Amino acid sequence: MKAGAAAEEIRQTAGDSAWFTRDRFGMFIHWGLYSLGARHEWLQSREFMDTEQYSKYFKRFDPDLYDPELWADLARDAGMKYFVVTTKHHEGFCLWDSKYTDYKATNTPAGRDLLRPMVDAFRSRGLKTGLYYSLLDWHHPDYTADVKHPLRFRNEFLEKDASRHFQNYVDYMFNQTRELLTEYGPVDLMFYDFSIPAEKGFPGKGKAEWQSEKLVKMIRELAPNILLNDRLQVGGDITTPEQYQPREWIRVNGRRVVWEACHTFSGSWGYYRDEESWKSVDMLVKMLIDTVSKGGNLLLNVGPTGRGEIDERAIDRLKGIGEWMKRHQRSIYGCTAAPDEFAVPDDCRFTYNPETNRLYLHIFSWPFKHLHLPGFSGRVEYAQLLNDASEIGMVEGKQEMTMEAGAFNEGRPADTLTLKLPVKKPNVTVPVIELFLK
Ligand code: GLC
């Protein structure tokens, strides 16, 4: 009997999400002028800098060690299957040679289009392409004041607001979107960021201001299969919680949706030299598993330096994750939440592959010798550790445990299946038991 026949339906997406829910794991890249400040990608706003003050970075952006082939190797070897790069972040600076602005990489000491070789390198390794585009823009002259703007407290900036033509900025956004989709395609995913609620006397910016419906219509005409995130305030295909792990499969209006958690290695998206809250490989692998066990994707962020290298601390984590993925990717790709009928034991997470009908038991805290699975007796044909394909013995509910197995039937429910584990935890970050269901 195949499990999950009556699996709960997931809200349909307008774009093609088949690859996305199969691939599960992607690399986010935040790279821009803020990499030189090396203290968070919001520094322009946090430190209330005007264009003149911020121009010191534009004048000195010279990523001489930039090697997108290396970046793409790191992503692929970590097991990532797609990437999403900040083509333009809130600062307004463009990594590509846009014909609609001078505020772009070609006019810095970099002197070249930095996006094109990146998309080429990642695509040539089979990764799907996602482009992040900031709706906020702290450089465009017609972008009006809001609660996030770096110059929100400067009267000389606020006074000119009435003479700004926000429509010019909207046209700019539409033009750049068209440019990215036509000149850098095929683009599989667009990640727009973000809508601002009205706050502290400033008006918000949302679907009306961005003209989201019109924008989405244009995008769908240019790229019918593209996936869109949810920050344009008009639904979107992918729900994108940021920097937290949801408790369960995310629902919107009561329906399960396609979702993706995005996370940093440390507390910042852009390169932050002195940030010390780096997550361990162990924690990151558990976050990936936890995400897939709830039917989601994980987009893990790197913030390359101003010289164009991926931070060595990130490289260390990527390699650690890759080490685990090499032997355990079967419990991630093509997997999703297990059908509700399978109750998960303490300190564990299930993922499930509906195609192969295999259930993956991820053990976050290694128990002593026995793992009891109530309700599982008679349902598993074979069990093995995933890292080395070594058989795991099973005791069916009614069967007495032998003295050799070192346990008595201390009143287990008759439908319990007991897995007999080695005393020593396998030498992998998170051990996984592959259960071949009947
Ligand atoms: C936030 C931040 C931004 C970051 C993004 C990633 O919205 O403004 O700096 O790019 O989250 O999801």
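Given the structure is predicted, the values throughout are model-derived calculations rather than measurements.

Ordered in space as β13-β16-β15, the 3 strands form an open sheet in which the pairing is antiparallel. Two strands in the sheet have a free side with no partner beyond their single neighbour: β13 (370-373) and β15 (393-395). Shown here is a sheet whose adjacent strand axes are inclined to one another by a mean of 25 degrees, direction ignored. Two strands pair when backbone bridges link them, and β15 and strand β16 (residues 417-420) are joined in this way by 3 bridges, in the antiparallel orientation. By the bridge assignment for β16, Val395 is matched with Thr418.

For the pair helix α5 (residues 68-78) and helix α12 (residues 312-328), interaxial distance at closest approach is 7 Å and the crossing angle is 40 degrees. What the angle tells us is that α5 and α12 run oblique. Two secondary-structure elements touch here, α5 through Leu74, Asp77 and Ala78 and α12 through Ile315, Leu318, Lys319, Ile321, Gly322 and Met325. In terms of residue class, the contact of α5 with α12 is built from 6 nonpolar, 1 polar and 2 charged.

Let us now look at the sheet that holds strand β12 (residues 358-363). Sheet strands line up and pair through hydrogen bonds in the backbone, either parallel or antiparallel. With antiparallel pairing, 4 strands are arranged side by side in an open sheet as β11-β12-β17-β14. The open sheet terminates on both sides in strands that have one partner only, identified here as β11 (348-353) and β14 (380-385). Strand-to-strand twist of the sheet, defined as the mean angle between neighbouring strand axes without regard to direction, takes the value 20 degrees. As paired strands, β12 and strand β17 (residues 432-437) are joined by 5 bridges and run antiparallel to one another.

When two helices pack together, their arrangement is captured by the angle between the axes and the distance separating the axes. Between helix α11 (residues 281-293) and α12, whose axes approach to 9 Å, the crossing angle comes to 55 degrees. One element, α11, and the other, α12, form an angle in the oblique class. The two elements α11 and α12 cross, and the hand of that crossing is right-handed. From α11, Val281, Leu284, Val285, Leu288 and Ile289 reach across to α12, where they touch Asp316, Arg317, Gly320, Ile321, Trp324 and Met325. Of the residues belonging to the contact of α11 with α12, the class tally is 8 nonpolar, 1 polar and 2 charged.

Now for the environment of Gln399. Residue placement: Gln399 occurs in the loop between β15 and β16. Here Gln399 falls in the partly exposed class, since its relative accessible area comes to 40%. Spatially, the C-alpha atoms of Gln399 and Asp316 are 46 Å apart, while their sequence positions differ by 83 residues.

Our focus in this paragraph is the site of the ligand. In the neighbourhood of the ligand, 14 residues make up the surrounding shell, with His30, Glu41, His89, His90 and Glu242 lying closest. Within the contact set of the ligand, an oxygen atom lies 2.5 Å away from a side-chain nitrogen or oxygen of His30. Contact between the ligand and Tyr132: an oxygen atom at 3.3 Å from a side-chain N or O atom of the residue. Summarising the interface, the protein chains cover 94% of the accessible area of the ligand, which totals 300 Å² for the free molecule. Taken together, the residues that form the shell around the ligand break down as 7 nonpolar, 3 polar and 4 charged.

Next up on the list: the domain arrangement of the protein chain. What the domain assignment reports for the protein chain is domain 1 (18-331) and domain 2 (348-437). Counting residues at the interface gives 13 residues for domain 1 and 15 residues for domain 2. Across the domain 1 to domain 2 interface the summed buried area is about 1,300 Å²; carbon plus sulfur atoms make up 62%. In terms of surface lost to domain 2, no three residues of domain 1 exceed His328, Arg330 and Ser331, which account for 40% of the buried area on that side.

Conventions and cut-offs
- Residues numbered from 1 in each chain as written.
- Predicted model: local features only at pLDDT ≥ 70, side-chain atom pairs only at ≥ 80, totals over all residues.
- Heavy atoms only, no water.
- Pairing = 2+ DSSP bridges.
- Helix = DSSP H or I, 4+ residues; strand = E, 2+ residues; numbered from the N terminus.
- Axes fitted to C-alpha atoms, helices over the stretch in contact; angles between N-to-C directions.
- Parallel < 35°, antiparallel > 145°, perpendicular 65-115°, else oblique.
- Contact = heavy atoms within 4.5 Å.
- Nonpolar A, V, L, I, M, F, W, Y, C, P; charged D, E, K, R; others polar.
- Left-handed = near helix turned anticlockwise from the far one by under 90°.
- Buried < 20%, exposed > 50% of the residue type's maximum accessible area, 1.4 Å probe, protein only.
- Near = heavy atom within 4 Å.
- Polar contact = N/O pair within 3.5 Å; in protein donor to acceptor, adjacent residues only side chain to side chain.
- Areas by Shrake-Rupley, 256 points an atom, 1.4 Å probe, with all protein chains shown as cover.
- Domains from an automatic or database assignment.
- Buried area = accessible area lost by both parts, 1.4 Å probe.

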